[in-house]
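One-letter residues, chain by chain:
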Amino acid sequence: MGSKKVAIIGAGVSGLTSIKACLEEGLQPVCFEQHDDLGGVWYYSDDVRPNQGAAMYRSLITNSSKEMMSFSDFPFPKDTPPYLPYHRVYTYLQDYAQHFDLKKHIRFGTQVRRIEKTEDYNETGRWEVRTVQTGNSDVEQKEIFDAIMVCNGVFARPYVPDVPGLSDFSGVTMHSQEYRTAQQFTGKKVVVVGAGNSAGDVAAEIAQVASQVYLSLRDGAWVLPRLAQAGMPRDMMLRRVLMSMPEFIVNKIIKGEANARVCHDNYGLTCPAEPLKHSVMANDEIGYRLVTGQVITKPQLSRFTQHTARFEDGSTVDGLDAVVFATGFSLAFNFSDKSILPDNTEDLNLYKLVFPTELTKPTLSVIGCLSTIGAHPPIYELQARWAVRVFLGLSKLPDKETMLKRVRSDKLELKQRFGYVKLQMMNVPYRDDIAEEIGVKPSFWKLLPRDPKLAFLSYFGPAFSVQYRLLGPHPWSGAADHAKSALANTLYPFRSPALDKEQSFLSLAKIMKFLLLFGIAMVAFNRFM
């Protein structure tokens, strides 16, 4: 199958890494992108583009730091700051496409209208893909492909809850997808609905110009600033050693960190669910807006009238000018038969969130159809690498019943964790699960005799994506060096050469100190629990 064609739907983060994964294994990718540029959600425009899913607002800063969110063999430039405005991520994606020569495989301005099995699918696993040029739906083209990678993302269709009386409300109503700047809310009274990252960002920004902002939280929120102790990016706490701890310990750590900055009980943020069973809001500003009264928390909305919002506790906001729903997105696979890719997460049966279990041939994969606490690009990259190896027969899927058993187990766990089937996975464990399928999961014991420092960093240090290029197929020759320097690179733009030298000298000592403290903690845990 090495010379055969793969259709890729979408040229966002998951689409770009899928193109590269195909090229690595000798496949011929053809990527269909309905807009005029790559980047997906990171491609900014002042207005919502036709059929666009999630979109950027001008003030957006990444919630993941550069070393944690980069692709495994293409790090950000060393002088890049730890957290990035959206336009620097867009530039990074353009650089990635140029470095690996991906653009020539993308057909811009081309919308996929329908995918269907060919008549000989049961023998070949092939697909017919029907496309139209964006803005010209009269002329349809048909092509046959040996496999398909669906990369239109989990943020496909804005979701707005059905709040009674919303149609009667006379003020401005928008979804955060439409939000770009706070200017139109100057002097206004605004309700922002949601408990995720966008809700926090939008509420904190609008509060700087509005007369008053109310943040409506259905069941509280866990708020964590981007920076941890000593100004290190908080997402560097995503470590294999931490993920191996009992869940109640991890929850206790997260709650302690959240309340150290803002006591959630004091400011109306109290969340009954544990952090690992709820969304986490990464935000540096919302605490200041709460303590100054610029943002006031409210419980879940219960009703609108022409000028009023009513909440579940019976309180009201009168003279309301606007409501912004930062309430997430729904799935949308408009180009597929619903028996294969339904829009309802309850009915969507994807083995390890990649392969539809109903297909008799493993020639269709879904890349990027999940959310997580932490960086997404490394997950999408691993999914794509696994998918193309399955297409080629280099990795084998289990039988249908085994896959369905895993799907049912995953859905049951998600329901127990969130109360419904929410496509949110634990970042590092899920990554390592997919990496194991490919044969690229970093192994402490395999790395230890070859490079002890690298072995310790891979298990006890941040779970950098570059670690998935140390072992297995398609390793990167620069992976070991970059894995060792990634931590120092995070703060490189702000450090002097003398400090860099000192950091290098102390790094092994810090690792050994951490090992000692961790060992003592585990001994105490096993003794007294």
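Procedures and definitions
Residues numbered from 1 in each chain as written. Predicted model: local features only at pLDDT ≥ 70, side-chain atom pairs only at ≥ 80, totals over all residues. Heavy atoms only, no water. UniProt positions renumbered as here; feature names shortened; annotations may be inferred. Helix = DSSP H or I, 4+ residues; strand = E, 2+ residues; numbered from the N terminus. Rg over C-alpha atoms; globule rule 2.2 N^0.38 Å. Buried < 20%, exposed > 50% of the residue type's maximum accessible area, 1.4 Å probe, protein only. Patch = residues over 30% accessible without salt bridge, like charges linked within 9 Å, V, L, I, M, F, W, Y side chains within 5 Å. Areas by Shrake-Rupley, 256 points an atom, 1.4 Å probe, with all protein chains shown as cover. Salt bridge = Lys/Arg side-chain N within 4 Å of Asp/Glu carboxyl O. Phe/Tyr/Trp six-rings, centres within 6.5 Å; stacked < 30°, edge-to-face > 60°. Lys NZ or Arg CZ within 6 Å of the ring centre and 35° of its normal. Pairing = 2+ DSSP bridges. Axes fitted to C-alpha atoms, helices over the stretch in contact; angles between N-to-C directions. Core = buried A, V, L, I, M, F, W, Y, C linked by side-chain atoms within 4.5 Å. Contact = heavy atoms within 4.5 Å. Expected span 1.5 Å × (residues − 1). Polar contact = N/O pair within 3.5 Å; in protein donor to acceptor, adjacent residues only side chain to side chain. Parallel < 35°, antiparallel > 145°, perpendicular 65-115°, else oblique. Left-handed = near helix turned anticlockwise from the far one by under 90°. Nonpolar A, V, L, I, M, F, W, Y, C, P; charged D, E, K, R; others polar.

- The name that an unreviewed UniProt entry assigns to the protein is Flavin-containing monooxygenase, with the source organism given as Branchiostoma floridae.
- Under the heading Cofactor (unreviewed entry), UniProt records this for the protein: "FAD".
- The heading Sequence similarities (unreviewed entry) in the UniProt record of the protein holds the text "Belongs to the FMO family."

**Topic: the overall build of the protein**
Working step 1: Across its full length, the protein holds 15 helices and 24 strands.
Working step 2: Its C-alpha radius of gyration of 24 Å places the protein within 12% of the 24 Å reference for a compact globule of 529 residues.
Working step 3: Each of the three principal axes of the protein carries a C-alpha extent, and together these read 65 × 65 × 45 Å.
Working step 4: Buried residues in the protein amount to 54% of all 529 residues.

**Examining a nonpolar patch on the surface**
Working step 1: A cluster of nonpolar side chains, namely Tyr267, Tyr288 and Val291, defines an oily patch on the protein surface of about 290 Å² accessible area.
Working step 2: Mapped onto the secondary structure, Tyr267 falls in the loop between helix H7 (247-261) and strand S13 (280-282).

**Quick look at the packing of aromatic side chains**
Working step 1: Counting across every chain of the model gives 24 aromatic pairs.
Working step 2: Between Tyr351 and Trp386 the ring centres are 6.2 Å apart and the planes differ by 55°, which places this aromatic pair in the tilted class. Here the residue Tyr351 occupies a position in strand S20 (residues 350-351), and Trp386 occupies one in helix H9 (residues 377-392), the gap between them amounting to 35 residues. Both residues of the pair, Tyr351 and Trp386, belong to the buried class.
Working step 3: With centroids separated by 4.9 Å and ring planes inclined at 85°, the aromatic side chains of Tyr459 and Phe460 adopt a geometry described as edge-to-face.
Working step 4: Assessed through its relative accessible area of 28%, Tyr459 is described here as partly exposed.
Working step 5: Among the aromatic residues, ring-to-ring pairing joins Phe71, Phe74, Phe76, Tyr92, Tyr96 and Phe100 into one connected group.
Working step 6: It is Lys20 that lies over the ring of Phe100; its NZ or CZ is 4.6 Å from the centre.
Working step 7: Positioned above the aromatic ring of Phe418 is the side chain of Lys422, whose terminal nitrogen or guanidinium carbon lies 5.0 Å from the ring centre.

**Here we look at the sheet that holds strand S6 (residues 136-145)**
Working step 1: Judged by pairing direction, the sheet is antiparallel, and its 3 strands sit side by side in the order S4-S5-S6 without closing on themselves. Two strands lie at the open edges of the sheet, namely strand S4 (110-117) and S6, each paired on one side alone. Ignoring which end each strand starts from, the neighbouring axes of this sheet average 25° apart.

**Quick word on the nonpolar core**
Working step 1: Met149, Val192 and Ile206 are the most contacted members of the largest nonpolar core, which has 112 residues in total.
Working step 2: Per-element tally for this core: the top contributor is H9, with 9 residues.
Working step 3: Once residues within four sequence positions are removed from consideration, Met149 is found in contact with Val6, Ala7, Ile8, Ile9, Ser18, Cys22, Ser365, Ile367, Ala384, Ala387, Val388 and Phe391.
Working step 4: Counting residues in each nonpolar core, the second largest holds 19 residues, with Ala455, Val466, Leu471 and Ala483 among its members.

**Re H9**
Working step 1: In a regular helix each residue adds 1.5 Å, so 16 residues correspond to 22 Å; H9 covers 23 Å between its end C-alpha atoms and thus fits that length.
Working step 2: Following H9 by one or two positions, Gly393 adopts a phi angle in the positive range, close to 85°.

**Here we look at the environment of Asn152**
Working step 1: Looking at the element boundaries, Asn152 is found in the loop between strand S7 (147-150) and strand S8 (157-158).
Working step 2: Separated by 130 residues in sequence, Asn152 and Ala282 have C-alpha atoms that sit 25 Å apart.
Working step 3: Beyond its immediate sequence surroundings of up to four residues, Asn152 is in contact with Ile9, Ala332, Phe333 and Phe335.
Working step 4: Only 2.8 Å separates the side chain of Asn152 from the backbone oxygen of Ala332, close enough to count as a polar contact.

**Describing the packing of helix H1 (residues 13-24) against helix H3 (residues 86-99)**
Working step 1: One way to put it is that H1 packs onto H3 with a least axis distance of 11 Å and a crossing angle of 15°. The orientation of H1 with respect to H3, classified from their angle, is roughly parallel. You can see that H1 and H3 cross each other, and the crossing is left-handed. Judged by residue contacts, Val13, Leu16, Thr17 and Lys20 of H1 engage Leu93, Tyr96 and Ala97 from H3.
Working step 2: Here the residues of the contact of H1 with H3 are counted per class, giving 5 nonpolar, 1 polar and 1 charged.

**Considering unusual backbone geometry**
Working step 1: Look at Asn51: it is not a glycine, yet its phi comes out positive at around 65°.
Working step 2: Positive phi is not limited to glycine here, since His474 has a value of about 55°.
Working step 3: Structurally, the position occupied by His474 is in the loop between helix H13 (452-460) and helix H14 (479-490).
Working step 4: Of the residues examined, His474 reaches a relative accessible area of 28% and is grouped as partly exposed.

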